[in-house]
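Residue-level structure breakdown
Residues per chain, in single letters:
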Amino acid sequence: MRRDPCVLIGICVLFAAPAAMSQSDPQRPAESPSQQMTVPPAQQAPQQRQRTPEQAASQPEAAQGKAAQHPPVAEEKSSLTHHSARIGGQEIKYIATAATYNIKADDGTPKATMFYVAYTKDGVSDMAMRPISFVYNGGPGSASLFTHMGMGPKRVVLTPDGHGMPAPYTVVDNEDSFLDTTDLVFIDAISTGFSRPAPGEAPSQFHGIIADANWFADFIYQYITRNERWASPKFLIGESYGTTRSAELAGVLQERHQIYLSGIALLSSVAFSNWGADNRSEFFLPTYTTTAWYHHLLPSDLQNLTVEQVAQQAREFAHGEYAAALEKGDALSAAEQQKVVADVARFTALTPKYIEETNLRINPSRWFKELERDKRRTIGRLDSRFEGMDADAAGERVEYDPSEASYEGAFVATFHDYVRRELKWDSDAYYTVTANVRPWDQTGNTEVAEVLRAAMTQQSYLKVLVLCGYYDVATPFNGIENTFAHMNIEPPVRKNVSFAYYQAGHMMYIDEKEHHKLHRDVDEFINTGYTR
């Protein structure tokens, strides 16, 4: 799910271990008995990048060996149902397909079964003109049920500001689903949801930045082939770690299957960079400020601003005076120290004494507990509008995330009921909401931004929409802003990047007002992301 500490800071650490490339069809037997991972050029070792065509052509010969022993093929299942819902002010008839695909290695060996639910608008005469979007959650290790029950044609009923309510839980037509504009395919990553490795297959081979994107790419290839959607405009919509997956997929899809995308929506995006500790302090500060603004804790001159205005002032301070002070370190004079302490206190609503004790560097794990310690309340990580309570108010770290705790039960219960009752999915398999996918192979992490830049440059029509919550402390909005500001994107390509902001947290679709805005923003993005 989203408990991953890597996502908490929006940053992962690089471990170098290049993998081999392949252009093989994942559903067609090849000479090699093993799966050949496609690694985008930015993540290859220099000697791989310089391979001659002759060297590339000789690779399958060198890889030949004893024929692989194929385990029994898992039975693919499918349930097709017909529905209608009122979405975007119109009644939309659609087909829901809950199903599994067997995903195979390059030699035809079944490697995994992936579960998905596809929603396709009924009665479309020319499917080539109908966009299709592949949607997934993050973690890594989270199933897609949260995006599914937040952006699909049915949504879980919450309070207007997104808090969960007690049972009996209910779902209603999601008037803000993107189904009015695009078909939607919700995918569970391998080891999550109903997706599983094939019998005898080691789960670890699916758990890593490059491997995960390769298996998703093979699923997408298979889906658009089976359903004759090669001509359709194709979009990716990923949440949290799903944004890292999307950035990597942009390159893997192009290199492995020559699939070009029309657009990518990065929802609550991880910062695809290996930033240092001081950078993280800077990127979190604007979210500390917007949170303090929401809870009415700022001095009056800041409190009287709009959230957009106070966020901008916090950005300027974080990357101006605050960054300069952190850069000086112990060389900071006493007078400079006194002034920056006062200014950090002003922007965070924390006491000057506490800021001095932290050496100007506010750890988010402590901040959740500290901001409203005097009220004996803790602050939510996924959504800092939410407040919680611990056994006592003296601890350094919170016991739980009050935002996730509030609505998780409602999401899980309604999905289980909905997938069986309405989608007629009959299975005794356990649905893994949060899978243990540790250790997650971080190979190639610091080049993910370059993979995306290269894909955007080569796929010149590829557009990116970055969706940020002002109260998201899991993936603070200033981190991904800084990433895009330093990706060295040329101006003709840079115009294809846009940002949208929400007065909500990590899952902005839980908020009644903000899911209306999200619907408008994504619909407009998709509608302008391809030529009719």
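Read on for an overview of the structure. This structure is a prediction, so every number in the text was calculated from the model and none was measured.

Quick word on the environment of proline 352
With respect to the helices, strands and loops of the structure, proline 352 is situated in helix 11 (residues 352-357). In this structure proline 352 touches Val341 and Ala345, once residues within four positions along its chain are discounted.

With respect to the pairing of strand 2 (residues 90-104)
Taken across its 15 residues, strand 2 has 11 buried, putting it largely inside the fold. Direction of pairing for strand 1 (residues 78-87) relative to strand 2: antiparallel, over a ladder of 10 bridges. Residue arginine 86 lies in a different strand from strand 2, and its bridge partner there is glutamate 91. Once strand 1 ends, the chain turns through 2 residues before running back antiparallel as strand 2, passing glycine 88 with a positive phi of about 60°. In this structure, the hairpin formed by strand 2 and strand 3 (residues 110-121) is closed by a connection of 5 residues, where glycine 108 is found at a positive phi of approximately 90°.

Side note on helix 7 (residues 277-294)
Here helix 7 contains 18 residues, and its C-alpha end-to-end distance of 26 Å stays within 8% of the 26 Å for a straight helix at 1.5 Å per residue. At phenylalanine 284, helix 7 shows its largest kink, close to 25°, and the proline proline 286 lies no more than four residues downstream. Most of helix 7 sits inside the fold, with 13 of its 18 residues counted as buried. One or two steps after helix 7, the chain reaches histidine 296, where phi turns positive at roughly 60°.

Considering the packing of helix 7 against helix 10 (residues 334-348)
Relative to each other, helix 7 and helix 10 sit at 50°, their axes nearing to 7 Å. Overall, the two elements helix 7 and helix 10 adopt an arrangement that is oblique. Every residue of helix 10 that contacts helix 7 at Leu285, Tyr288, Thr289 and Ala292 is listed here: Val344, Phe347 and Thr348. Tallied by class, residues from the contact of helix 7 with helix 10 come to 5 nonpolar, 2 polar and no charged.

Some thoughts on the nonpolar core
Grouped together as the largest cluster of nonpolar side chains are 93 residues, with contacts concentrated most on Phe219, Tyr223, Leu452 and Phe484. The element that contributes the greatest number of residues to this core is helix 5 (residues 209-226), accounting for 11 residues. If we ignore the near neighbours within four places in the chain, the residues touching phenylalanine 484 are Leu266, Leu452, Val464, Val466, Ile489, Val497 and Phe499. Counting 54 residues, the second-largest nonpolar core is a separate cluster that includes Ala85, Phe386, Tyr431 and Leu465.

Considerations on the pattern of salt bridges
If you walk through the whole model with that rule in mind, you get 26 salt bridges. We note a salt bridge from arginine 346 to aspartate 301, for which the minimum N-O separation is 2.8 Å. With arginine 346 in helix 10 and aspartate 301 in helix 8 (residues 300-303), this residue pair connects regions lying 45 residues apart in the sequence. Each of Asp106, Asp218 and Arg256 takes part in a single network of salt bridges with overlapping partners.

As for helix 9 (residues 307-328)
In this model helix 9 runs 30 Å from its N-terminal to its C-terminal C-alpha over 22 residues, within 8% of the 32 Å that 1.5 Å per residue would give. Along its length, helix 9 reaches its greatest deviation from straightness, about 40°, at tyrosine 322. Considered for burial, the residues of helix 9 that qualify are Val307, Val310, Ala311, Ala314, Arg315, Phe317, Ala318, Tyr322, Ala323, Ala325 and Leu326. Buried positions along helix 9 lie against helix 7, helix 8, helix 10, helix 15 (477-485) and strand 14 (497-502). Glycine 329 occupies a position one or two residues after helix 9 and carries a positive phi of about 60°.

Some details on the pairing of strand 13 (residues 463-469)
Burial analysis of strand 13 places 6 of its 7 residues in the buried class, which makes it a mostly covered element. Bridge count between strand 10 (residues 263-269) and strand 13: 5 bridges; the pairing is parallel. From the neighbouring strand, glycine 263 faces strand 13, where its bridge partner is lysine 463. Note that strand 13 and strand 14 share 6 bridges and pair parallel.

Describing the side chain of arginine 385
Here arginine 385 shows up in the loop between strand 11 (378-379) and strand 12 (387-388). Within the local environment of arginine 385, its side chain forms a polar contact with the backbone oxygen of aspartate 161, the two atoms lying 3.1 Å apart. Within the structure, the side chain of arginine 385 is placed 2.7 Å from the side chain of aspartate 511, a separation counted as a polar contact.

Side note on the packing of aromatic side chains
Taken as a whole and assessed by the stated rule, the structure comprises 33 aromatic pairs. Between tyrosine 470 and phenylalanine 477 the ring centres are 5.4 Å apart and the planes differ by 85°, which places this aromatic pair in the edge-to-face class. The exposure class of tyrosine 470 is buried, given its relative accessible area of 4%. For phenylalanine 477, a relative accessible area of 1% gives the class buried. An aromatic cluster is built from Tyr101, Tyr116, Phe134, Phe219 and Tyr223, whose rings are joined through pairwise contacts. Over the face of the ring belonging to tryptophan 425 we find lysine 77, whose NZ or CZ atom lies 4.8 Å from the ring centre.

Considering unusual backbone geometry
Cis peptide bonds are those with omega within 30 degrees of zero, and the linkage from alanine 167 to proline 168 qualifies with 10°. Tracing the chain through its elements places proline 168 in the loop between strand 5 (154-156) and strand 6 (171-173). A cis amide bond, omega -5°, links arginine 438 with the succeeding residue proline 439. Mapped onto the elements, proline 439 comes out in the loop between helix 13 (402-421) and helix 14 (448-458). Positive phi is not limited to glycine here, since histidine 296 has a value of about 60°. Take histidine 296: it is sitting in the loop between helix 7 and helix 8. Overall, histidine 296 belongs to the exposed group, its relative accessible area being 63%. The phi dihedral of leucine 360 is positive, around 75°, even though this residue is not glycine.

Definitions and limits used
Residues numbered from 1 in each chain as written. Predicted model: local features only at pLDDT ≥ 70, side-chain atom pairs only at ≥ 80, totals over all residues. Heavy atoms only, no water. Helix = DSSP H or I, 4+ residues; strand = E, 2+ residues; numbered from the N terminus. Contact = heavy atoms within 4.5 Å. Buried < 20%, exposed > 50% of the residue type's maximum accessible area, 1.4 Å probe, protein only. Pairing = 2+ DSSP bridges. Expected span 1.5 Å × (residues − 1). Bend = angle between axes of the 7 residues up to and from the residue. Axes fitted to C-alpha atoms, helices over the stretch in contact; angles between N-to-C directions. Parallel < 35°, antiparallel > 145°, perpendicular 65-115°, else oblique. Nonpolar A, V, L, I, M, F, W, Y, C, P; charged D, E, K, R; others polar. Core = buried A, V, L, I, M, F, W, Y, C linked by side-chain atoms within 4.5 Å. Salt bridge = Lys/Arg side-chain N within 4 Å of Asp/Glu carboxyl O. Polar contact = N/O pair within 3.5 Å; in protein donor to acceptor, adjacent residues only side chain to side chain. Phe/Tyr/Trp six-rings, centres within 6.5 Å; stacked < 30°, edge-to-face > 60°. Lys NZ or Arg CZ within 6 Å of the ring centre and 35° of its normal.

So, to be careful, I would describe these as geometric facts and stop short of saying anything about function.
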